[in-house]
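Chain by chain, the residues:
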Amino acid sequence: MENQLIDMRLAVSALLETAAVHQRNFDTIQRNFEMVIAEIRDMRSDMVQMQSEIREIQMDVRGLQTENRRILDILQNRPPEQES
């Protein structure tokens, strides 16, 4: 009977230690996951910023294209194109 009680205590102790190891592993995984989520948010923010910059560049390019057409029209003595 006493041996069974000792075995039971050892089994419970082993289970508690296993649970503690699993909890530490879970905590580590959770921290890593939170870091990955934060990095994804940063990348998304960077992507939104880049998209905004690209739109600005596209607008600048369109403006330059329009100005180039006007200059070519003047140089070639053509009437300016009507903008729609």
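Residues numbered from 1 in each chain as written. Predicted model: local features only at pLDDT ≥ 70, side-chain atom pairs only at ≥ 80, totals over all residues. Heavy atoms only, no water.

**Student:** What's the story with the overall build of the protein chain in this structure? I'm lost.
**Tutor:** Of regular secondary structure, the protein chain possesses one helix and zero strands. Relative to the 2.2 N^0.38 estimate, which gives 12 Å for 84 residues, the radius of gyration of the protein chain is 34 Å and therefore markedly larger than a compact globule would have. With the C-alpha coordinates of the protein chain rotated into their principal frame, the extents come out at 110 × 15 × 10 Å. For the protein chain, the residues scored as buried account for 1% of the 84 residues in total. Roughly 8,200 Å² of accessible area belongs to the protein chain as shown, and the carbon and sulfur atoms make up 59% of that amount. In the protein chain, which carries 10 positive and 15 negative side-chain charges, the distance between the mean positions of the two groups comes to 5 Å. (Helix = DSSP H or I, 4+ residues; strand = E, 2+ residues; numbered from the N terminus. Rg over C-alpha atoms; globule rule 2.2 N^0.38 Å. Buried < 20%, exposed > 50% of the residue type's maximum accessible area, 1.4 Å probe, protein only. Areas by Shrake-Rupley, 256 points an atom, 1.4 Å probe, with all protein chains shown as cover. Lys, Arg positive; Asp, Glu negative; His and termini not counted. Charge placed at Lys NZ, Arg CZ, Asp CG, Glu CD.)

**Student:** Is there a simple way to explain a nonpolar patch on the surface in this structure?
**Tutor:** A surface patch of nonpolar side chains, about 320 Å² in accessible area, is lined by Met8, Val12 and Leu16. Among the structural elements, Met8 can be located in helix H1 (residues 2-75). (Patch = residues over 30% accessible without salt bridge, like charges linked within 9 Å, V, L, I, M, F, W, Y side chains within 5 Å. Salt bridge = Lys/Arg side-chain N within 4 Å of Asp/Glu carboxyl O.)

**Student:** What is the right way to read the pattern of salt bridges from this model?
**Tutor:** Close approach of charged atoms allows side chains of opposite charge to pair. Summed over the entire model, instances satisfying the criterion amount to three salt bridges. Between Arg24 and Glu17 there is a salt bridge, with its nearest N and O atoms 3.6 Å apart. The partner of Asp73 in a salt bridge is Arg78, with the nearest N and O atoms 3.2 Å apart. Asp73 gets classed as buried once you look at its relative accessible area, which sits at 4%. For Arg78, a relative accessible area of 42% corresponds to the partly exposed category.

**Student:** Would you mind showing me how to read unusual backbone geometry here?
**Tutor:** Leaving glycine aside, a negative phi is the common case for residues, and trans is the common case for peptide bonds. Unusually for a residue other than glycine, Asn77 sits at a positive phi of about 50°. Here Asn77 shows up in the segment after H1.

**Student:** Explanation requested: the environment of Arg78 in the structure shown.
**Tutor:** Relative to the helices and strands, Arg78 is located in the segment after H1. Contacts of Arg78, omitting those with residues within four sequence positions, involve Leu72 and Asp73. In terms of polar contacts, Arg78 uses its side chain to reach the side chain of Gln76, at 2.9 Å. (Contact = heavy atoms within 4.5 Å. Polar contact = N/O pair within 3.5 Å; in protein donor to acceptor, adjacent residues only side chain to side chain.)

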